[in-house]
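Commentary on secondary and tertiary structure
If you want the building blocks of each chain, they are given just below.
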Amino acid sequence: MTLYADLPVRRAFQIAGDLLLIAWIWGWIVLARTVHAATLELRAPGYQMDASATDLADRLRDAGETVGGIPLVGDDVQAPFDGAGGAAEGLASAGRSQVAAVESLAFWLALAVALIPILLVLIIYLPARIRFAVRATAGRRFLDSGADLDLFALRALARLPVRTLARIDEDPAGAWRRQEAETVNRLAELELRSVGLRVPRRLTSASD
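Below you will find a few notes about this structure. Predicted model only: the values in this text are computed from it and were never measured. (Residues numbered from 1 in each chain as written. Predicted model: local features only at pLDDT ≥ 70, side-chain atom pairs only at ≥ 80, totals over all residues. Heavy atoms only, no water.)

Helices and strands together make up the secondary structure of the protein chain, namely eight helices and zero strands. Per-residue burial over the protein chain gives 31% buried out of 208 residues. Nonlocal contacts in the protein chain, meaning residues at least 24 apart in sequence, comprise 72% of its contacts between residues at least 6 apart. Accessible area of the protein chain: about 13100 Å², with a carbon and sulfur share of 65%. (Helix = DSSP H or I, 4+ residues; strand = E, 2+ residues; numbered from the N terminus. Buried < 20%, exposed > 50% of the residue type's maximum accessible area, 1.4 Å probe, protein only. Contact = heavy atoms within 4.5 Å. Areas by Shrake-Rupley, 256 points an atom, 1.4 Å probe, with all protein chains shown as cover.)

Encoded structure:
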């Protein structure tokens, strides 16, 4: 897989772009972690409510059991304590629900903070990088196999604007048909440059 161009300037831009992409992703991940940690601080009241209400419920039930042992009136006296204990347990449950809600909010908020800007940049940046890698890899495969430059010259004839072809030769198609080495090399070089590759010296020397 060819990830970077042979041409120094284009390769430098690609490397810089990839590094900026990594920095962008890392920056938003760090920010998302910060947001997550800050949001989780909101759990404190819920934890405190849960702990206080649970302790109160335990104390009320203990008190109810103590007074429940009083002869004759024990059951009647214990009932309010049990009821208050149940109410306190309800408060504890509400505190636990608040903690769970804050944790869920922290997760989804952090995910949104990181994912949205990262995906937006990836949607813009990655397709161009993938297209380059596919085209450059395919082009290099032909070059590495020692394929003739005619294929790339022909693609240049079919793809490049007429004014660009005219700067190479007054009759580029005729020169290509006559296999004029200089014209073929220049056409192939233009086509390869479009995918960030260079014409290997072994091929240019072989066609001279």
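Attention now moves to a nonpolar patch on the surface. Where nonpolar side chains cluster on the molecular surface, the patch consists of F107, W108, L111, L115, L119, I123 and I124 and spans about 740 Å² of accessible area. In this structure, L115 sits in helix α3 (residues 74-144). (Patch = residues over 30% accessible without salt bridge, like charges linked within 9 Å, V, L, I, M, F, W, Y side chains within 5 Å. Salt bridge = Lys/Arg side-chain N within 4 Å of Asp/Glu carboxyl O.)

Further remarks concern the packing of aromatic side chains. Geometrically, a pair of aromatic rings is defined through the distance of the ring centres and the angle of the planes. Taken as a whole and assessed by the stated rule, the structure comprises two aromatic pairs. When the ring of F107 is compared with that of W108, the centres are 5.0 Å apart and the planes differ by 80 degrees; the resulting orientation is edge-to-face. The class of F107 is partly exposed, set by a relative accessible area of 44%. By relative accessible area, which is 52% here, W108 ends up exposed. (Phe/Tyr/Trp six-rings, centres within 6.5 Å; stacked < 30°, edge-to-face > 60°.)

Summed over the entire model, instances satisfying the criterion amount to four salt bridges. In this structure, the salt-bridge partner of R43 is E103, at a minimum N-O distance of 2.9 Å. Taken as a pair, R43 in helix α2 (residues 43-68) and E103 in helix α3 lie far apart in primary sequence, 60 residues in all. Owing to a relative accessible area of 33%, E103 belongs among the partly exposed residues under this scheme. Across the pair E191 and R159 runs a salt bridge whose closest N-O atoms are separated by 2.9 Å. Of this pair, E191 sits in helix α7 (residues 181-193) while R159 sits in helix α4 (residues 150-159), and the two are 32 residues apart along the sequence.

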